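Coordinates in review
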Amino acid sequence: MTSLHALSTGSRMATGHFTGSVHSVFGRACNITLDGGGMLTLLAAEFGNVPHGARLDTPPGFAFDRVLCTGDRVGCRGGVARFAKAGLEVCLSGARRWHAELDQLAVDLGLPRVAAAWQLTQLVMELNARDHAQGGLNLPHARRKALPDAVGALRSHASRTAVVRLVGCGPGLTPAGDDLLVGFLAGLRASAGNCASRQAFLAELSATVRGAATGTNAISRAYLEHASDGAFAEPLANLARCIAEGVEARHVEAAAGMALAVGATSGTDGVRGLLSAMACWN
Amino acid sequence: MVKVSKVFHNLYRDSVSLMQVSAALADRPGVAQASAVMASASNIDLLRESGLLDGDAGGEHGASDLLIVVEGEADVVESALADAESLLTRESQAHSGSGPTPIAPRSIEMGLHELPGANLALISTPGEYAAAEARKALNLGLNVMLFSDNVTLADEIALKRLAADRDLMVMGPDCGTAIVDGAPLGFANVVRRGAIGAVAASGTGLQQVTCLIDRSGKGISQALGTGGRDLKTEVGGATMLRGLQALARDPATEVIVLVSKPPAEQVATRILEQAADIPKPVVVNFLGTALQDRPAEAVYLAQTLEDAAAAAVALVDGDEPRPAGDSVTPNEPAIDTLIAELASTQRYVRGLFTGGTFCYEALLLLSKTLGPVYSNTPLDAKYALSDLWRSEAHTLVDLGDDAFTRGRAHPMIDPTLRNERIVSEADDPGVAVILLDLVLGHGAHDDPAEQLAASINAARDKAARDGRAIAFVASVCGTGADPQGLEGQESALREAGVVLTVSNAAAARAAARIAAREKQVYT
């Protein structure tokens, strides 16, 4: 029996009692579909936290896909998840609980240090942006642009249309449009502050995203659903905080680098969404 | 053209794998376009809009399915699709899903976190960002090799001051060549390790010296670049002085070589004074300066790059240096025979160089023996080419100069422009000899001699149709251990009838003799 322990768990990660099956498995991560609905993700130690995931103390060289197969059953009792067929148990209890606090932020690009942090992130993104062209299928610029245009003007109908046209759109296992939407929601949440109209708009937009999320695959849907509830992955949340607080340039750069490094292009799309949202409400 | 598509139900592959499959498909001959994406409604719309999909993808499919579409020639698309399927159904690579993957460093700080023992950052970014990146590296305690150009002089001065404050070194800006602890950096050659250290304000100058030293059986301890402006008054030779002191302290270095085009006078004086204080022999090659007086017994003045290399080799053996002389290889086709084939109208040398310092060194040598030589980088502004694309009388062209590399790769990487110019020079009935350099090593073209030989043959044939012969003279700057292999490259040029010399200076002298109709002298 191989035993792993959780180093930290996301705020929306089930840790007590659940059953499910392995949905998809990769070298350093695996996704589990819960019988009661929803998805959780097990991650190797080197990754940042995600709302619905657990970072495990995986040893170097450990590969989930050498141990687990799609369809393997898992049951969790008393905080210990057991994959009987694979002989793997994962102890989830006692791990540090991680959560992002984007609601407490209030991005104000009128403040020079905050504007500088935003601009530096934009610069780092441009320098590091990977080529999205994949066999001729790109996320069209018009679709990308429609959302901030509509949200900036607080136009509900146009925003809803823009969301629907982005979900499931573009290249990648989590399509580029979904990653952009996650970043965008993070940016709005970090920028809404105490403004009642913005808070209301954000709630409506989040509901739209949640409803439209059925238009994409299960892995991406999980991120969209959590984002619509205000829960985001650690690299993106950390970057949002660094910008909002206008921290020192080297910290902004490091945070931007970590956020951009997520996935093949997911990170870049997420950061693009984050910056776009912050700009359209400032 | 036909379009085919296939749906893979509930198949999850990470985004890197999807990108790789798309790219592999699109690269196949006969495939016009291809895509591997999740089969969401949005993507189906996009594929229709882009013309990759007509109608539906066929069969049941949903957002959790993977869809591959291929458009191409009828006899190719099905096999392309089959190959894509086998790529996808292979075990997935080390990357995990679309969630977080192992984080590749995206900044110098992140890189240093991954490699905490690093002591050098090589920076190659657009010039407007390079200074900032260099500053970060210095603040993190790293030495810097600044490959980037378009860094302002003010930034260069500030960076070198910051480096001095931190007891660090900045090589550059526009430093394209270095060999540090045996590791070739940028455009550098694979040379033996040994006891000769070099500091140069010239990339190809450094390459020539290190390659000639390797060719003689000796080796290099360190080869440091300073950037082309280091020896200007404003910069004060900051990096060359720092490099000189570092090699003086380095127990593995027994002899030091300094190379540059003419430095500012005060800078040259300061460097020579410091060289005189060092308890190791120092060979100084400031190309184009008229230095005669040695500031100290252990400081040797060389007039050419080959002299500098020869002096260093002699000194490391404990011998007194003597000039390399005219080192035309004895078993090359007799220069007399080449001269005899020339018509009386054929008087001119046309040099087409990829290395700026090689062009400069050849200008110095040819001007002494042949008189005025035109160039895009002339010694005297009077002899600037009025049209860069048209030679006049004796002309030497630096094809690596900005005028020729705007929007295109350097001629060491892409020889197209030079190859075309070789053929066009053959149209001029006044051309007697075409002089060339060929630079090997990391970063250079995989097989420059093959294409060069083809152009030489085409030029020769063209002239022959007009009843003219043209002589071709070249030197190859490289080593046997270089990726291209020195011996094979030289062989290819010999087969094309090129007179080969060991050094650029020897090639220039040989070309001058041919044009001046002087009998060859063997040493």
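Scoring rules and cut-offs
- All residue numbers here refer to positions counted from 1 along the written sequence of the relevant chain.
- Chain letters start at A and ligand numbers start at 1, both assigned in the order the entries are written.
- Only residues with pLDDT of at least 70 are given local features in this predicted model, and only at 80 or more are side-chain atom pairs given and counted; all residues enter the totals for whole chains, interfaces and linings.
- A run of H or I in DSSP counts as a helix once it spans at least four residues, and a run of E counts as a strand once it spans at least two, with each numbered from the N terminus.
- With C-beta atoms placed from the backbone, a residue is buried if 20 or more other C-beta atoms are within 10 Å of its own, exposed if 12 or fewer are, and partly exposed between those counts.
- Per-residue confidence from the predictor is given as pLDDT, running between 0 and 100.
- Residues are treated as contacting if the C-beta atoms built from their backbones sit within 7 Å of each other.
- Note on pairing: two strands pair once DSSP finds at least 2 bridges between them.
- Helix span, as expected, comes to 1.5 Å for every residue beyond the first.
- Note that the arc is computed from the directions linking the helix axis to the C-beta atoms.
- When the strands point away from the viewer and the connection leading from the first strand across the helix to the second strand turns clockwise, the crossover is called right-handed.

What follows deals with the environment of Thr269(B). Residues and elements named next belong to chain B. Relative to the helices and strands, Thr269 is located in helix α9 (residues 265-277). For Thr269, a count of 13 C-beta atoms within 10 Å gives the class partly exposed. For the pair formed by Thr269 and Pro295, sequence separation is 26 residues and the distance between their alpha carbons is 9.3 Å.

Turning our eyes to something else, we now look at the confidence of the model for chain B. All names here are of chain B. Per-residue confidence for chain B gives a mean pLDDT of 88; residues scoring 70 or more make up 93%. When mean pLDDT is taken per element in chain B, strand β6 (residues 170-171) scores highest with 98 and helix α13 (residues 402-405) scores lowest with 77. Under a pLDDT of 50 for its full length, residues 91-101 has, in the predicted model, 48 contacts with residues more than four places off or in other chains. Interface confidence for the predicted complex, expressed as ipTM, amounts to 0.78; the pTM equals 0.58.

Moving on to the sheet that holds strand β5 (residues 143-146) of chain B. All names here are of chain B. As summarised here, the arrangement of the three strands in space is β4-β5-β6, forming an open sheet in which the pairing is parallel. Edge positions in the sheet fall to β4 (120-123) and β6, since each has one partner strand and no second. Across two bridges, β5 lies against β6 in parallel orientation. When the sheet's bridge partners are listed, Val144 is paired in β6 with Val170.

This part is about α9(B). All names here are of chain B. Taking 1.5 Å of rise per residue, the 13 residues of α9 would be expected to cover 18 Å, and the 19 Å separating its terminal C-alpha atoms lies within 8% of that figure. Turning to α9, its buried residues are Val267, Ile271, Leu272 and Ala275. When α9 is viewed along its axis, its buried side chains cluster within an angular range of 130° and face the same direction. In α9, the exposed positions that point more than 90 degrees away from the buried face belong to Glu265, Gln266 and Glu273. Where the residues of α9 are buried, they touch α8 (238-249), β11 (255-260), β12 (282-286) and β13 (299-301).

Time to look at the pairing of β5(B). Residue and element names in this part refer to chain B. Of the two faces of β5, the one holding Asn143 and Met145 and the one holding Val144 and Leu146 are both buried throughout. Bridge analysis of β4 against β5 gives four bridges, and the strand direction is parallel. Note that in β5 the partner of Ala121 across the bridge is Val144. Handedness of the crossover joining β4 and β5 through helix α5 (residues 127-139): right-handed. Between the parallel elements β5 and β6, the chain passes through helix α6 (residues 153-165) in a crossover that is right-handed.

Glancing now at the environment of Thr405(B). All names here are of chain B. By the element assignment, Thr405 lies in helix α13. On the basis of neighbour count, Thr405 is assigned to the partly exposed category, with 15 C-beta atoms found within 10 Å. Spatially, the C-alpha atoms of Thr405 and Leu417 are 9.7 Å apart, while their sequence positions differ by 12 residues. Excluding residues that lie within four positions of it along the chain, Thr405 makes contacts with Gly400 and His410.

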